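# Structure assessment
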Amino acid sequence: MPKRVDHEERRTQIAEALVRVAGRRGLHAVGMRDVAAEAGVSLRLVQYYFHTKEKLLLHGLQLLTDRFTARVGARLAAAGTDPGPRATIEALLLSSLPTDEESRTFHLLYTSYAVLSVTDEALAAQPFIDNPDAAENALTGLLRQAQEAGLADPGTDARTEAVGLLAMAAGMGTSILVGQRGPESATEVLRHHLDRIFRTA
């Protein structure tokens, strides 16, 4: 009796191969043939599951998003049963910094996709993530929650602070990638700004 193929497992296997090879060579330099070789499968099989390179890229990015969510969850679990708004925000921001191989690949590929989508019409036509404002909305809600609880400066605009924190984390991540600063320095800067926001805690 022939072995039954788990199609979702095979799709994940191929997407993981994409992440590995793109993490080494850069997203722009990766073709479907490269991914097939990395995954140990035929090019035809990669084309069967994904049809186009753009669809393969998006599946790989979704895989990275799921792993990022798991990283945030692990940080929050380590912070206890009720970490509070500040610890939750810190977990979100620090999880995005490229401090190890997995987070480095996450930051590199997300940044690469954003740049490629500016000039690639097929990529630009696809949703980057299901809800591109999810992180901004989450941080805004947490900051407002902290303000209502008397844990953060009530005079600041929560939405503006959320946008600034996310932009800062993204910029710090890139500065780590290019060797401008180390993870410890970037973490210190982010915590400095959280201290400013949460100064009444």
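Let me sum up the structure you'll find in this document. None of these values were measured; they are calculated from a predicted model.

Where helix H1 (residues 7-25) contacts helix H4 (residues 53-78), the two axes come as close as 9 Å, and the packing angle between them is 90 degrees. When the interaxial angle is binned, H1 and H4 end up roughly perpendicular. For the pair H1 and H4, contact is made by Glu8, Arg11, Thr12, Ile14, Ala15, Glu16, Leu18 and Val19 and by Leu56, Leu57, His59, Gly60, Leu63, Leu64 and Arg67, respectively.

Moving on, we get to empty space enclosed by the protein. Over the atoms rolls a probe the size of a water molecule, and in doing so it shows where empty space is left. Evaluation of the coordinates by the stated rule reveals one cavity of 30 Å³ or more. Approximately 30 Å³ is the volume attributed to the largest cavity. Lining the largest cavity are Leu18, Leu27, Leu57, Gly60, Leu61, Leu64 and Leu109. Here the lining of the largest cavity gets four residues from one element, more than from any other, and that element is H4. When grouped by side-chain class, the residues that make up the lining of the largest cavity number six nonpolar, one polar and no charged.

As a rule of thumb, nonpolar side chains are buried together in soluble globular proteins. With 31 residues, the main nonpolar core has Ile14, Val35, Val46 and Leu56 as its most contacted residues. Here this core gets eight residues from one element, more than from any other, and that element is H4. Excluding residues within four positions of it along the chain, Leu56 makes contact with Ile14, Leu18, Met32, Val35, Val46 and Phe50. Core analysis: the second largest hydrophobic core is formed by 20 residues, Leu97, Ala146, Ala158 and Ile176 among them.

Turning to the environment of Leu151, a few remarks are in order. The topology assignment puts Leu151 in the loop between helix H8 (134-148) and helix H9 (158-177). Leu151 sits in the partly exposed class, given a relative accessible area of 34%. Separated by 103 residues in sequence, Leu151 and Tyr48 have C-alpha atoms that sit 53 Å apart.

In this model, H1 (19 residues) spans 27 Å end to end at C-alpha, consistent with the 27 Å of a helix rising 1.5 Å per residue. Buried residues of H1: Ile14, Ala15, Ala17, Leu18, Val19, Val21, Ala22 and Gly23, and no others. Those residues of H1 that are buried lie in contact with helix H2 (32-39), helix H3 (43-50), H4 and helix H6 (101-119). Where H1 begins, the side chain of Asp6 points an oxygen toward the backbone nitrogen of Glu8, at a separation of 3.2 Å.

This next bit is on the packing of aromatic side chains. For the coordinates displayed, the defined rule picks out three aromatic pairs. Aromatic side chains Tyr48 and Tyr49 sit 5.0 Å apart centroid to centroid with 80 degrees between the ring planes, which places their arrangement in the edge-to-face category. Aromatic ring contacts, followed pair by pair, group Phe68, Phe106 and Tyr110 into a single cluster.

Close contact between H1 and H2 brings their axes to 8 Å; oriented N to C, the two are set at 110 degrees. Relative to H2, the element H1 lies roughly perpendicular. Two packed elements cross with a definite hand, and for H1 against H2 that hand is right-handed. Residues Gln13, Ile14, Ala17, Leu18, Arg20, Val21, Arg24 and Arg25 of H1 form the contact with H2, whose participating residues are Asp34, Val35, Glu38 and Ala39. Considered class by class, the residues forming the contact of H1 with H2 number six nonpolar, one polar and five charged.

Tallying each qualifying case throughout the model produces 10 salt bridges. Of the charged contacts, one joins Glu16 and Arg67 as a salt bridge, the two residues approaching to 3.1 Å between their closest N and O atoms. Note that Glu16 is positioned in helix H1 and Arg67 in helix H4, a separation of 51 residues in sequence. Among the residues examined, Arg67 registers a relative accessible area of 28% and is labelled partly exposed. Of the charged contacts, one joins Glu38 and Arg20 as a salt bridge, the two residues approaching to 3.0 Å between their closest N and O atoms. Of the two residues, Glu38 sits in helix H2 while Arg20 sits in helix H1, which places them 18 residues apart along the sequence. In this structure Glu38 comes out as partly exposed when scored by relative accessible area, which is 26%. Taken together, the shared-partner salt bridges in this structure form one network comprising Arg86, Glu90, Arg191 and Asp195.

Rules used in this analysis
- Residues numbered from 1 in each chain as written.
- Predicted model: local features only at pLDDT ≥ 70, side-chain atom pairs only at ≥ 80, totals over all residues.
- Heavy atoms only, no water.
- Axes fitted to C-alpha atoms, helices over the stretch in contact; angles between N-to-C directions.
- Helix = DSSP H or I, 4+ residues; strand = E, 2+ residues; numbered from the N terminus.
- Parallel < 35°, antiparallel > 145°, perpendicular 65-115°, else oblique.
- Contact = heavy atoms within 4.5 Å.
- 1 Å grid on protein atoms, 1.4 Å probe; cavity = no way out; pocket = protein on both sides within 12 Å on 5 of 7 lines; lining within 4 Å.
- Points joined across faces, edges and corners; volume = space filled by probe spheres on them.
- Nonpolar A, V, L, I, M, F, W, Y, C, P; charged D, E, K, R; others polar.
- Core = buried A, V, L, I, M, F, W, Y, C linked by side-chain atoms within 4.5 Å.
- Buried < 20%, exposed > 50% of the residue type's maximum accessible area, 1.4 Å probe, protein only.
- Expected span 1.5 Å × (residues − 1).
- Polar contact = N/O pair within 3.5 Å; in protein donor to acceptor, adjacent residues only side chain to side chain.
- Phe/Tyr/Trp six-rings, centres within 6.5 Å; stacked < 30°, edge-to-face > 60°.
- Left-handed = near helix turned anticlockwise from the far one by under 90°.
- Salt bridge = Lys/Arg side-chain N within 4 Å of Asp/Glu carboxyl O.

Bear in mind that shape data such as this cannot, by itself, settle questions of function.
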